[in-house]
Every structure is written in structure tokens, then in C-alpha cells.
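Structural characterization, general
Spelled out, the chains give:
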Amino acid sequence: QGFRVDVVREEDDVLEFDMVDIDAAIANAFRRILLAEVPTMAVEKVFVYNNTSIVQDEILAHRLGLIPIRADPRLFEYRNQGDEEGTEIDTLQFQLKIKCSRNPQAAKESSDPNELYFNHKVYSKHMTWVPLGNQTDLFPDADFRPVHDDILIAQLRPGQEIDVLMHCVKGIGKDHAKFSPVATASYRLLPDITLLQPIEDEAAELLQKCFSPGVIEIQNIKGKKVARVANARLDTFSREVFRHESLKNLVRLARVRNHYIFSVESTGILPPDVLVSEAIKILMGKCQRFLNELDSVPME
Amino acid sequence: VQADGTDGNCVTFVLHDEDHTLGNSLRYMVMKNPDVEFCGYCITHPSESKINFRIQTRGALPAIEPFRKGLNDLMGVCQHVLNTFEVRLLPEHAQR
């Protein structure tokens, strides 16, 4: 139906792609699903055996829950309601056990905590995976750990220790924002800038300054400077041009109705292209669910 | 899913555990159907996660038909998007 997808820019965690000739309802549905309904694994239950740090138990648990865990959620199931223990097919267990002690070799007058104490900063790299049941056989070469190693969880001083066991479960962003797999997912419409009359000389220079750099290009035609719209995509739509009386009526700012520029930034759990594919599959799954219900329930 | 209505032509479906994500896209697909006289959805209360989806057909067509067709069309659109997207990503993955 004339629909196409163009991938513009792809880095490790960010994917920017265009969808042309699609409707707003469907584009928005994809955005909503990316934010709230693509499942991930995150820490849900924290069993605190010993916490003598100044970070309170609940604050520590909250911080642990927000850490993104590098575990493919498609390998796991959802936990059943009311199931407290957790089986190996739906739970990942992590342990954080760390104790801060004084460094006997530190210089007398030093005040640098890095020298004075061992283990005084608790990072996410101190979280270790504890396999449950037969998880070592199910995932022989998987390495479950937080996505980033340098997330600071808490700070300790000598004599304080933290000893907690964490259970990660699969969940969706609708339930709690920690389960959202994207840092953010957004879309915008492609700007459409039309010059109603040819604009020359100083007006052209002024016009170029009104828009973001790269949008308007000045060409030299027959010795006169003429402005031309070079790349409307870079524009941020600040409407600066309407503040100038001389240029107000010469430019028309609009949006191309069905050209969406999506920008998906992943937290690192899954690559962003996989996230988009999963989101589309989830929408299909929802339709399928209602189709099945229609067929199974007799309608009067 | 639960339906009630006056006769077979105008039916209100109550879809549980759904919100604007499916409601708006489904409404858009059903509206494209020329047999449908009225189609709309609303969220009864923001604290409850269910939507009232109403379809009214002109003529003698039972209202379930456009609903089913809309769901199938939406699945077809998603499949097409998925295929196009994956085809586009292939050269990049081959590079990596």
C-alpha cells in the first residue's frame, strides 16, 4: 500500500527509523507498546539478610529494582499469581554480599575514601548470579548480570555490610516502570517547509538563521543569493520565522501527514531493532487473542 | 469479551485488559469498512482497564463481522510492517 520503512541511524542502543504511509493510530499503538508492554526481567523481591548501611531496606530494594538486567526475557515465563517461591523457569536469582573494611596500609593523614577503605562503594558489578535448580544446564553459556557495571547502589563505611538475595521476574512496563525496556521511544512527524515566494539576499540570510542549521541552504544563482530548503528533517519547528514581520507571510510550516520519524533508545537489555519487532508481534498477539475469544464464545 | 445490544446490527463489546493501544488502532481499521455506519470506543473509567467498543452496521450485516474483519486486517497490517521492517534491517545485520 505504498508503505515503506527506512532505517536512518543505528547505533548500539539507539535506532532511528522512518515509517511512511502509516496511520497515526497504528504508529501510536507501536509507541505505547514499546513503552509499556514489551516484557523484561527486573528485580522484584529482595530478601534482606543483613543491611547495616545507612541506606534503608526499602530504598535499597527500590534502587535494585531499577537496575536493568541483561537477560533475554523471551527465555523466561511469567510468574504465576500467588506463587511465592519462584521456579527456575520464571526467576533469576542474584546475590549482593559486600562488607566494607578499613585499609591498614593507608597513610595517616589521608582523607581520600578510596585509600582509606576497601569496598566502600557498592556498584552493580558486585551483583552475582546464583543459578536456581537446573538453570546451569538450561543456560550453559549465558552470563546474567546487570547491563552496566558502574551503577552506584550504595556507599558504605567500615563495619557496614549488605547481604541480600534478589529474585528477578518477568514483567511489563504497565505494571511498574522498571520493566520498561526503552529509555524512551518517541516519534515525530516530518516537517514540511515551503517557501511561498523566492527569497533573496538579506532576507535569505535571515531566513537561514531562523531555522536550525542545515535546513535552509543559500545558493548563488546569477550572482544573487537565493534561499532553498535543503533538509527539512533537521528542523526542530521553533517557529522563529514568524517573529519577523518581513518573513512571516513568505513561509508555510506544516507537517507531512503520514511520515513518522521514530526514535527508539534501549536500556541495553535487548537491541532496539529486536524491541520493535517484539512490539509488532505483541500487537498481533492481542488481535489474535480477541479473535480466539470471538470464535470460542458463542454470541447470541 | 462481552457483548450486548438491541439487535444484531449494533453491538457494544466490552474488552477487558485493553486501553487506547488496541482501541484506537482497531477503531481505525473498522472505520475503513464501508458497511460500518458507526464505530467508536471509550474507556469507562481510567482506573478500570476495560474499553467499550461499539459497532453499528447499516443493512442487515451482524456487527460481529466488521469486528472480526477489523481484527484480521489489523493483524495483516502488523505482519506487513514486521516483514518490511525485517527486510530493511537485513543488510545491517549481515554487516555486523
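Predicted model only: the values in this text are computed from it and were never measured. (Residues numbered from 1 in each chain as written. Chains lettered and ligands numbered in written order. Predicted model: local features only at pLDDT ≥ 70, side-chain atom pairs only at ≥ 80, totals over all residues. Heavy atoms only, no water.)

Some remarks on the environment of A:Glu44
Residue and element names in this part refer to chain A. So the rule is basically this: Elements are defined by DSSP. Helices are runs of H or I of four residues or more, strands are runs of E of two residues or more, and each kind is numbered from the N terminus. Pairs of residues are marked as contacts when any of their non-hydrogen atoms sit within 4.5 Å.
Turning to its location among the elements, Glu44 is positioned in strand 3 (residues 40–51). When the C-alpha atoms of Glu44 and Val20 are compared, they prove to be 39 Å apart, with 24 residues separating the residues in sequence. In this structure, Glu44 is in contact with His167, Cys168, Val169, Lys178 and Phe179, ignoring residues within four places of it in sequence.

Some remarks on the side chain of B:Thr21
Put simply, the rule is: Pairs of N or O atoms within 3.5 Å make up the polar contacts considered here, provided that, within protein, one atom can donate a hydrogen while the other can accept it, and that residues adjacent in sequence are counted only when both atoms are side-chain atoms.
Following the sequence through the fold, B:Thr21 ends up in helix 1 (residues 20–31). Here A:Arg32 takes part through its side chain, which lies 2.8 Å from a polar atom of the side chain of B:Thr21. Excluding residues within four positions of it along the chain, B:Thr21 makes contact with A:Ala29, A:Arg32, A:Ile33 and A:Glu37.

Let's talk about the pattern of salt bridges
Put simply, the test is: A carboxyl oxygen of Asp or Glu within 4 Å of a side-chain nitrogen of Lys or Arg is what we treat as a salt bridge.
Within the structure shown, the criterion is met by 13 salt bridges over all chains. Taking the shortest distance from any N to any O, the salt bridge between A:Asp163 and A:Lys97 comes out at 3.4 Å. In this pair, A:Asp163 is assigned in strand 12 (residues 161–171) and A:Lys97 in strand 5 (residues 92–99), connecting sequence segments 66 residues apart. The network of salt bridges with shared partners includes A:Arg32, A:Glu37, A:Lys174, A:Lys286, A:Arg289, B:Glu18 and B:Asp19.

Focus on the UniProt feature "domain: DNA-directed RNA polymerase RBP11-like dimerisation" (unreviewed entry) in chain B
Our working rule: UniProt positions are given in the numbering used here, feature names are shortened, and annotations may be inferred rather than shown by experiment.
Mapped onto this numbering, the UniProt entry gives "domain: DNA-directed RNA polymerase RBP11-like dimerisation" (unreviewed entry) at residues 10–83 of chain B. With 43% helix and 31% strand, residues 10–83 of chain B has end C-alpha atoms that lie 35 Å from one another.

Regarding helix 2 (residues 57–65) of chain A
Residue and element names in this part refer to chain A. Spelled out, the test is: Relative accessibility thresholds used throughout: buried, under 20% of the residue-type maximum; exposed, over 50%; partly exposed, between the two (1.4 Å probe, protein chains only). Starting at the helix axis, one direction is taken to each C-beta atom, and the arc is that of these directions.
Among all positions of helix 2, only Leu60, Leu64 and Gly65 are buried. An end-on view of helix 2 places all buried positions within 135° of arc, on one side of the element. Where helix 2 is buried, its residues touch strand 3, strand 5, strand 9 (127–129), strand 11 (152–155) and strand 12.

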